[in-house]
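So the chains spell out like this:
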Amino acid sequence: MADYVYKAGKRDTKKKRRKALWLFVLLVVIGLAGTGYIFVRDALKPQTVLKQSKATQKKVTYETKTKHYELPDFTIDIPIAWTPVARPAGPYQSFTWQTSEHGTNGQSIEIFEDTIPPNFGFNRALIVSGQSDHLNIEGTASDNCSKYTKKQTTMVNQFSAVAKWQGVDFLCDLSNVQRDVIGTSSTDGINTVILKSPSTGAAHKFLFSYTNHGTNPDYTVFYEAIQSFRMQ
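Keep in mind that this is a model prediction, so the values were computed, not measured.

Right, let's get into the environment of D143. One can find D143 in the loop between β7 (134-137) and β8 (160-165). Between the C-alpha atoms of D143 and A125, which are 18 residues apart in sequence, the distance is 8.0 Å. Residue contacts for D143: discarding those within four places in its chain leaves N123, R124 and Y148.

Another point: the pattern of salt bridges. Tallied over the full model, the rule gives 3 salt bridges. We note a salt bridge from K164 to D169, for which the minimum N-O separation is 2.7 Å. Classification of D169 as partly exposed rests on a relative accessible area of 27%. Of the charged contacts in the structure, one is a salt bridge between D173 and R179, with a shortest N-O distance of 2.8 Å.

This paragraph deals with the side chain of S129. Within the secondary structure layout, S129 lies in strand β6 (residues 124-131). Among the polar contacts made by the side chain of S129, one reaches the side chain of E138 at a distance of 2.7 Å. Excluding residues within four positions of it along the chain, S129 makes contact with H134, L135, N136, E138 and V193.

Time to look at the sheet that holds strand β2 (residues 74-79). An order of β1-β2-β13 is seen for the 3 strands of this open sheet, with the pairing classed as antiparallel. One side of each edge strand has no neighbouring strand; the edge strands of this open sheet are β1 (66-70) and β13 (230-231). Two elements, β2 and β13, share 2 bridges in a ladder whose sense is antiparallel. Its bridge partner being in β13, F74 is matched across the sheet by M231. Taken strand by strand, helix α2 (residues 219-228) contacts β2 and β13, and its axis lies near 155 degrees from that of β2.

So, on to the nonpolar core. Side chains of a nonpolar character, in soluble globular proteins, are inclined to be buried together. Core analysis: the biggest nonpolar cluster contains 28 residues, and F74, I76, W97, I111, F206, F208 and F229 have the highest contact counts within it. Ignoring anything within four residues of it in the chain, the contact list for F74 reads Y69, F95, I111, E113, F206, F229, R230, M231 and Q232.

Sheet analysis places strand β3 (residues 83-85) next to strand β4 (residues 93-98), joined by 3 bridges and oriented antiparallel. Residue P84 lies in a different strand from β4, and its bridge partner there is W97.

Another point: the environment of C145. Structurally, the position occupied by C145 is in the loop between β7 and β8. Residues C145 and L174 lie 29 residues apart in sequence; the distance between their C-alpha atoms is 8.1 Å. Residues within four places of C145 in sequence aside, it is in contact with F122, N123, F170, C172 and D173.

Counted according to the given criterion, the structure contains 14 aromatic pairs. Put simply, the rings of F74, F95, F206, F208 and F229 pair up and form one aromatic cluster. The aromatic ring of F95 is capped on one face by R87, whose charged end is 4.7 Å from the ring centroid.

We now examine the state of the cysteines. According to the stated counting rule, one finds 1 disulfide in the structure shown. A sulfur-sulfur separation of 2.1 Å characterises the disulfide bridge that pairs C145 with C172. Across the S-S bond linking C145 and C172, the dihedral sits near 90 degrees, which makes this disulfide right-handed. With C145 in the loop between β7 and β8 and C172 in strand β9 (residues 168-173), this pair connects stretches of sequence that are 27 residues apart. A single burial state applies to C145 and to C172, both of which are buried.

Before going further, it helps to examine the pairing of β1. When β1 meets β2, the two strands line up antiparallel, connected through 5 bridges. Of the residues in β2, the one forming a bridge with E70 is T75. Between β1 and β2, which follow one another and run antiparallel, lie 3 residues.

Before going further, it helps to examine the confidence of the model for the protein chain. Per-residue confidence for the protein chain gives a mean pLDDT of 81; residues scoring 70 or more make up 75%. Note that pLDDT drops below 50 for residues 43-63; the model gives that stretch 5 contacts with residues more than four away or on any other chain.

Calculation criteria
- Residues numbered from 1 in each chain as written.
- Predicted model: local features only at pLDDT ≥ 70, side-chain atom pairs only at ≥ 80, totals over all residues.
- Heavy atoms only, no water.
- Helix = DSSP H or I, 4+ residues; strand = E, 2+ residues; numbered from the N terminus.
- Contact = heavy atoms within 4.5 Å.
- Salt bridge = Lys/Arg side-chain N within 4 Å of Asp/Glu carboxyl O.
- Buried < 20%, exposed > 50% of the residue type's maximum accessible area, 1.4 Å probe, protein only.
- Polar contact = N/O pair within 3.5 Å; in protein donor to acceptor, adjacent residues only side chain to side chain.
- Pairing = 2+ DSSP bridges.
- Axes fitted to C-alpha atoms, helices over the stretch in contact; angles between N-to-C directions.
- Core = buried A, V, L, I, M, F, W, Y, C linked by side-chain atoms within 4.5 Å.
- Phe/Tyr/Trp six-rings, centres within 6.5 Å; stacked < 30°, edge-to-face > 60°.
- Lys NZ or Arg CZ within 6 Å of the ring centre and 35° of its normal.
- Disulfide = S-S within 2.5 Å.
- pLDDT = per-residue confidence, 0-100.

Below, the structure is given as structure tokens:
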């Protein structure tokens, strides 16, 4: 009887081992089948690579719309469609560029060098500062100066009066208050800014002005021209 029990226990142990072995084999087969399926699936999948292209940025610069002028003492960039104007006879050394529509709705930029007209009044002031061979713009153009300038003892002639913008003196034109003329001034003097030549070290006085005869002035043209200005 004991021998029978021993043999029965031995058979049961063998059955359990066989079942465990078959279970292990089944798991291995299932694992291999799964791996094979994944491999075949990936192999048959189209090999398409999606790559995001870099954003194209087109930088529009003001320089592409300008012409570079080289004068004896300085260089400046002026809109390419503008034309230089012959210097008028007189005591002032001036440089002028204008649009072809000047006189109707055109625009002009004028630069006086060394000898500054003592009675040159304008309607809006743009304060600048000399940085050796170039200019810094301090803020933006003022409102029409007739709004905050009174005809009192500040009159320098029958047309212009001394006015202030951002604490800096300039000449305000009180005779043509409907015009749109911007002029520069600085702490160097009324309607004056001083710059130096990097090659000779010589100092020169300048007055910059911008006139617009239309109803929608574009002050950016004037700002950009001033910022492009360099002494030679």
